[in-house]
Amino acid sequence: IHVVTWNVASAAPPPDLSDLLQLNNLNLNLDIYVIGLQELNCGIMSLLSDTAFEDPWSSYFMDVLSPLSFVKVSSVRMQGLLLLIFAKYQHLPFIQVLSTKSTPTGLFGYWRLEHFDRILEMQNFEAQDIPNILDHDLILWFGDMNFRIEDFGLHFVRESIRNRRYSDLWEKDQLSIAKRHDPLLREFQEGSLLFPPTYKFDKNSNNYDTSEKKRKPAWTDRVLWRLKRQSQTNFHAPALSAPFALFLRSYVSHMVYTISDHKPVTCTFDLELKPLVSAPLITLLPEGPCTMESDMLISYSLTADFLSSPWDWIGLYKVGLRHINDYVSYVWVRDNQISFSDRLNQVYINISDIPETEDPFLLFYYSNNLHSVVGISKPFKIQPFSFLEEDPLDEAQPQI
C-alpha cells in the first residue's frame, strides 16, 4: 500500500509524478494507492467544472495508473480536499462493501486538533459491526495536519535541518507533544521523521520561506496508522499469527516537487492478511470464439452463498480501464438472458454495442447488493471475423 499526502496549494499537476508514485522503483510491487490531496483549486468555476468532469488531478492519476492495471476504486471530494483509492483490477473481487463518509470541520480550511475528536464522534458507518472509525481493524490518518515546532527559534530550526539533525526537533513537534498527553493519539503510530520538515517553502524552489513572515519550518504533512487487533509495539516486522500484519517499508518526503509551498510525503506499507473472500463470488467468461459477426455470449456461475439481484450487471471493458464506469458496453443480468440454472447462467451483449478494435477486453460482474465487482474474466480479444480452413482430411474447420 502506497499512501500519498500533498497540499498542492491550488496548483495543477506537474509533468512527471514518477517519483511520487514510485513508478521506477523495481523493488516495489504495489497493489493499492491511497492518495490524499489538500488545497485543490476550489474556486466557483473550478468546482463547477470538476462537478461536470473529472478534476485535473484525478484525471492525471488515472492517466498514469490505468496503463499499469490500476483502477480507481473510490473517491471523495470535499471542497479543496480529495481522496482517491486505486487498486490493481485483479484485486477488485476481493474489495467489497465499500462505504464512504465525510465530516466537515474547520473554518476556511483550517484544521485543529479538537476536530480529531469530532470526526471520531460524528463519522459513523452503516455497517453494524463497524459503526465507528475506531471499530475498524486498520485506520490510516494522513494529511496536512498543521502541526508546528514549538519554542525553538527560527535559526535553531533551520540549522538543525541544514545539518540533518532532525531528532533535535522532535521533542517540540506539536503532534509528539499532543501524543504525550492523549492516550488515544498514542494508539496511532508513525514512522520516524528522518526527512526535512515539509512546510513552508518558496514556490518553485527548495528554499524555506524567505517572505517577510519567514515562517518556521514544520512537519505539517503526516501519515499515521492504528491497528485494532494486534500489539502496537513492533511495526517493522510482521506478526504472522495475527489476522493481519502491517509493517512499514518507507516514510519519506519528495523534495523534487516545487509547485507548492508544501512537499509531498509518502508512506509505503506491506500488508499481510487472511482474506475474508478466498475466491471470487462469480466466475465468468465469453463463450466460444468471439467475433464481430455475432452477439457475444457470456457464461457465468455463482457460488452457493452469493445473493444475486436483478440490478446486477456485467460490463465489457477495454484492458486499461480507468474506473468502474469506464465500460464500453454492459448488460443487466436479467436482461438478454438466454439460459439459467441454479449455478450456471448465460446472457448476451448485442454486437451493435461492441466497438471494432484489436484491443483486449475484460468482463466485470458488478453486484448491486455489495456495491462492488465480484467477478472478472481473463483478458480476451474480439476478432473482426471468422473463416473456414481446410484440414488435411479436407474437412472444413472454423478458425479465428
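The written sequence of each chain sets the order in which its residues are numbered from 1. Residues qualify for local features only when their pLDDT is at least 70, as the model is predicted, and side-chain atom pairs are given and counted only at 80 or more; totals for whole chains, interfaces and linings, by contrast, use all residues. Hydrogen atoms and water are omitted, and side-chain values are computed over all heavy atoms in the structure.

For the protein, an unreviewed UniProt entry supplies the name Inositol polyphosphate-related phosphatase domain-containing protein and the organism Muntiacus reevesi. Turning to the protein, the UniProt record has this under Sequence similarities (unreviewed entry): "Belongs to the inositol 1,4,5-trisphosphate 5-phosphatase type II family." UniProt positions are given in the numbering used here, feature names are shortened, and annotations may be inferred rather than shown by experiment.

### Digging into the sheet that holds strand β10 (residues 296–302)
The rule for pairing is simple: two strands pair if DSSP sees at least two bridges between them. Only DSSP runs of H or I reaching four residues or more are called helices, and only runs of E reaching two or more are called strands; each is numbered from the N terminus. Pairing in this open sheet of 4 strands is antiparallel, and the strands run β9-β10-β14-β13 from one edge to the other. Each edge of the sheet is formed by a strand with only one pairing partner; in this case those strands are β9 (282–286) and β13 (337–340). Neighbouring strand axes in the sheet, compared pairwise and without regard to direction, differ in orientation by 20° on average. Sheet topology places β13 next to strand β14 (residues 344–349); 3 bridges connect them, and they run antiparallel. For helices, the fitted axis covers only the stretch in contact; all axes are lines through C-alpha atoms, and the angles between them, taken along N-to-C directions, range from 0 to 180 degrees.

### A word on the packing of aromatic side chains
Pairing of aromatic rings covers Phe, Tyr and Trp, the last counted by its six-membered ring, and requires centre-to-centre distances within 6.5 Å; plane angles under 30 degrees mean stacked, over 60 mean edge-to-face, and any other angle means tilted. Throughout the structure, instances matching the rule amount to 24 aromatic pairs. Their ring planes at 70° and their centres at 5.4 Å tell us that tryptophan 141 and phenylalanine 188 sit as a pair that is edge-to-face. Of the two residues, tryptophan 141 sits in strand β5 (residues 138–144) while phenylalanine 188 sits in the loop between α8 (183–186) and β6 (221–227), which places them 47 residues apart along the sequence. Whether a residue is buried, partly exposed or exposed follows from its accessible area with a 1.4 Å probe, protein chains only, as a fraction of its type maximum: under 20%, in between, or over 50%, in that order. Classification of tryptophan 141 as buried rests on a relative accessible area of 13%. According to the relative accessible area criterion, phenylalanine 188 is buried, its value standing at 2%. Grouping aromatic residues by their ring pairs yields a cluster made of Tyr89, Trp311, Trp313, Tyr317, Tyr327, Tyr330, Trp332, Phe364 and Tyr366. Between lysine 263 and the ring centre of phenylalanine 201, over which it is positioned, the NZ or CZ distance is 4.7 Å. Whether a charge sits over a ring depends on NZ of Lys or CZ of Arg being within 6 Å of the ring centre and within 35 degrees of the ring normal.

### Examining helix α5 (residues 154–162)
All of the buried residues in α5 are Val157, Ser160 and Ile161. Taken around the axis of α5, the buried residues stretch over an arc of 100°, which confines them to a single face. What points out from α5, more than 90 degrees from its buried face, is the exposed set His155 and Arg162. At the exit of α5 stands arginine 164, carrying a positive phi of roughly 60°. Here the arc refers to the set of directions running from the helix axis out to each C-beta atom.

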